[in-house]
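The residues making up each chain are set out below.
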Amino acid sequence: MKNHITSFLILVITFSSFAQNDDTKQNELKINMSNLIGFKFFDVGYERILNEESTFGVNLLFNLDKNSDATSLDEYRTFSITPYYRHFFSNKYAQGFFVEAFTMLHTAKDYYNYDYYDPITDTYYSNNSDKYTDFAVGISAGGKWVSKRGFVAEIYLGIGRDLLGNSNDEVVGRGGIAIGYRFQ
């Protein structure tokens with residue numbers, strides 16, 4: 001996990017080094033609070049403003065609940081990296097209503113909830129899981145608000161489809177309520 005966090009910080013520093021010399025704030029760091037509270041996911045993101053109506057970003061998600069039994073939507077996910085592009089439809093600088101295209105590389109566990117005893121092999125099977133990795137593409141929509149001092153709040157919801165077929169679930173969700181800070 002330290003390697004993932006280190007890689008993310010290097011990515012943020014690299015994008016930040018391309019910042020312009022004017023007073024326009026071009027970078028954002030955010031944490032998805034609804035994922036943290038609802039699913040025990042640590043979901044942190046970096047977003048780079050390209051111009052007044054488009055941004056590019058990446059989110060890293062880690063499942064903090066190692067004892068998850070996959071009883072609700074998306075609790076099977078253990079890790080994901082999600083690059084995205086957003087286009088904004090408002091008169092304000094990189095805020096307001098947006099549409100987003102995203103890709104997601106994720107690892108997860110498929111849970112098989114069953115109890116079975118095989119008398120031939122004298123083996124008892126119960127509540128097994130398989131790990132897998134898949135790649136999804138999708139689309140989201142949402143809204144972003146930025147205060148004069150750089151506080152960011154956003155809400156978004158999206159859906160994507162797994163392309164590799166490694167999962168029993170073909171659909172991935174993306175969404176939440178995130179808070180963060182916009183800086184130079």
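As a starting point, this report considers the structure included with it. (Residues numbered from 1 in each chain as written. Predicted model: local features only at pLDDT ≥ 70, side-chain atom pairs only at ≥ 80, totals over all residues. Heavy atoms only, no water.)

**Comments concerning the pairing of strand β1 (residues 27-32)**
Two strands pair when backbone bridges link them, and β1 and strand β2 (residues 41-51) are joined in this way by five bridges, in the antiparallel orientation. Considered in β2, the bridge of leucine 29 is made with tyrosine 46. Judged from the six bridges that link them, β1 and strand β8 (residues 171-183) form a sheet pairing that is antiparallel. Pairing of asparagine 27 across the sheet is with phenylalanine 183, part of β8. (Pairing = 2+ DSSP bridges. Helix = DSSP H or I, 4+ residues; strand = E, 2+ residues; numbered from the N terminus.)

**Comments concerning the nonpolar core**
In this structure, Tyr76, Tyr84, Phe102, Met104, Ala108, Tyr132, Ala136 and Val172 together form the largest nonpolar core, which totals eight residues. Among the elements of the structure, β5 (96-118) and β6 (123-146) are those that each provide at least two residues to this core. In contact with alanine 108, not counting residues within four places along its chain, are Tyr76, Arg77, Thr78, Asp130, Lys131 and Tyr132. Grouped together as the second largest cluster of nonpolar side chains are five residues, Ile49, Ala94, Phe98 and Tyr156 included. (Core = buried A, V, L, I, M, F, W, Y, C linked by side-chain atoms within 4.5 Å. Buried < 20%, exposed > 50% of the residue type's maximum accessible area, 1.4 Å probe, protein only. Contact = heavy atoms within 4.5 Å.)

**Description of the environment of aspartate 169**
Structurally, aspartate 169 can be placed in the loop between β7 (151-162) and β8. The residues touching aspartate 169, leaving out its near neighbours within four places in the chain, are Tyr76 and Asp162.

**Things to note about the packing of aromatic side chains**
Aromatic ring pairs are described here by two measures, namely the spacing of the ring centres and the angle between the planes. Scanning the model with the defined rule gives five aromatic pairs in all. Here phenylalanine 39 and phenylalanine 41 contribute two aromatic rings whose centre-to-centre distance is 5.5 Å and whose plane-to-plane angle is 25 degrees, an arrangement assigned as stacked. Aromatic side chains phenylalanine 89 and phenylalanine 97 sit 6.0 Å apart centroid to centroid with 40 degrees between the ring planes, which places their arrangement in the tilted category. Across from the ring centre of tyrosine 156, 5.2 Å away, lies the NZ or CZ of arginine 86, which sits over that ring. (Phe/Tyr/Trp six-rings, centres within 6.5 Å; stacked < 30°, edge-to-face > 60°. Lys NZ or Arg CZ within 6 Å of the ring centre and 35° of its normal.)

**Side note on a nonpolar patch on the surface**
A surface patch of nonpolar side chains, about 270 Å² in accessible area, is lined by Leu50, Phe56 and Tyr85. Here tyrosine 85 is to be found in strand β4 (residues 77-88). (Patch = residues over 30% accessible without salt bridge, like charges linked within 9 Å, V, L, I, M, F, W, Y side chains within 5 Å. Areas by Shrake-Rupley, 256 points an atom, 1.4 Å probe, with all protein chains shown as cover. Salt bridge = Lys/Arg side-chain N within 4 Å of Asp/Glu carboxyl O.)

**With respect to the pairing of strand β3 (residues 54-63)**
Along β3, nine of the 10 residues are buried, which leaves the element largely enclosed by surrounding structure. Linkage of β2 to β3, two consecutive antiparallel strands, is achieved through a turn of two residues. Both β3 and β4 contribute to a ladder of nine bridges, which runs antiparallel. Bridge assignment links asparagine 59 to a residue of β4, and that residue is threonine 82.

**Describing the pattern of salt bridges**
By the definition in use, this model includes 12 salt bridges. Lysine 144 is the partner of glutamate 47 in a salt bridge, and the nearest nitrogen-oxygen pair spans 3.0 Å. In this pair, glutamate 47 sits in strand β2 while lysine 144 sits in strand β6, placing the two residues 97 residues apart along the sequence. By relative accessible area, which is 0% here, glutamate 47 ends up buried. Given the relative accessible area of 0%, lysine 144 is considered buried. For the salt bridge of lysine 144 with glutamate 154, the shortest nitrogen-to-oxygen distance reads 3.8 Å. Placement of lysine 144 in strand β6 and of glutamate 154 in strand β7 is noted, with a sequence separation of 10 residues between them. Overlapping salt bridges bring together Glu28, Lys30, Glu47, Arg86, Glu100, Lys144, Glu154, Arg174 and Arg182 as one network.

Just geometry here; none of it tells us what the structure is for.
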